[in-house]
Amino acid sequence: MLFRTMACNFRIGHGYDVHALGEGRPLVIGGVHIPHERGCIAHSDGDVAVHALCDALLGAAALGDIGLHFPDTSEEFRGADSLGLLRRVVAMLAEHGYDVVNVDVTIVMQRPRLRPYIDNMRTAIASAAGMSVDAVSVKATTEEHLGFTGREEGVAAHAVALIATI
């Protein structure tokens, strides 16, 4: 019976985001500015990793999605720093009695190679979410030149998050 009670205190969520890439735009992924000739076309800073993570966290708490709380039709969020949105999402979770246990993000992008930026992404996400960096996993992969990410038309990210009642 103890296991059942404990299991009910944990919730998991999944998030997904995608953005097209455009010439001359800044590329921000995982809260890190990455030198590249193209960046995400978006209403905010277009940070697909953090957007997917926000959706995973909101989903775990059954609080809707990022579009509900930060609509791309609102001037308030034009050019918004996604790490600031993540801070707000974590605060919403706390208001509803949840704490973030750990998160795992996978970024899908053909180019540039993201490995040199992963540790900085983990640190930025951990700081914004008020968590230990060892509870934040960020990975990157390509799709071997297949699909829109493989043709370098866009970037995608998946995230999962585990939350628990405080």
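Our subject is the structure listed above.
This is a predicted model, so every value here is computed, not measured.

Visitor: When you look at the layout of surface pockets in this model, what are you seeing that I'm missing?
Guide: Rolled over the atoms, a probe with the dimensions of a water molecule shows which regions are left empty. Put simply, the largest pocket is a space of about 220 Å³. As for the largest pocket, its lining consists of 13 residues, and the residues nearest its centre are His-43, Ser-44, His-51, Phe-70 and Asp-72. Its residues assigned to classes, the lining of the largest pocket shows six nonpolar, five polar and two charged.

Visitor: Which parts of the structure should I look at to understand helix 2 (residues 48–60)?
Guide: Three or four residues apart is the spacing at which side chains of an α-helix point the same way, because the helix has 3.6 residues per turn. The end-to-end C-alpha distance of helix 2 is 18 Å, a good match for the 18 Å that 13 residues give at a rise of 1.5 Å each. Counting buried residues in helix 2 gives twelve out of 13 residues, a clear majority hidden from the surface. Within helix 2, burial applies to Val-48, Ala-49, Val-50, His-51, Ala-52, Leu-53, Cys-54, Asp-55, Ala-56, Leu-57, Leu-58 and Ala-60. Once helix 2 finishes, Ala-62 follows within two positions and takes phi at roughly 55°, a positive value.

Visitor: Is there a simple way to explain the nonpolar core in this structure?
Guide: Grouped burial of nonpolar side chains is what soluble globular proteins tend to show. In terms of nonpolar packing, the biggest core is built from 52 residues, with Ile-29, Leu-53, Leu-57, Leu-86, Leu-93, Ile-107 and Met-121 touching the most fellow members. Looking at this core, the elements with two or more residues in it are strand 2 (27–29), strand 3 (32–34), helix 2, helix 4 (82–95), strand 5 (98–108), helix 5 (118–129), strand 6 (136–141) and strand 7 (154–165). A per-element tally of this core places helix 2 first, with ten residues. Sequence-distant contacts of Met-121, defined by excluding residues within four places in its chain, comprise Ile-29, Gly-30, Val-32, Ile-34, Ile-107, Leu-114 and Val-138.

Reading the values: the criteria
- Residues numbered from 1 in each chain as written.
- Predicted model: local features only at pLDDT ≥ 70, side-chain atom pairs only at ≥ 80, totals over all residues.
- Heavy atoms only, no water.
- 1 Å grid on protein atoms, 1.4 Å probe; cavity = no way out; pocket = protein on both sides within 12 Å on 5 of 7 lines; lining within 4 Å.
- Points joined across faces, edges and corners; volume = space filled by probe spheres on them.
- Nonpolar A, V, L, I, M, F, W, Y, C, P; charged D, E, K, R; others polar.
- Helix = DSSP H or I, 4+ residues; strand = E, 2+ residues; numbered from the N terminus.
- Expected span 1.5 Å × (residues − 1).
- Buried < 20%, exposed > 50% of the residue type's maximum accessible area, 1.4 Å probe, protein only.
- Core = buried A, V, L, I, M, F, W, Y, C linked by side-chain atoms within 4.5 Å.
- Contact = heavy atoms within 4.5 Å.

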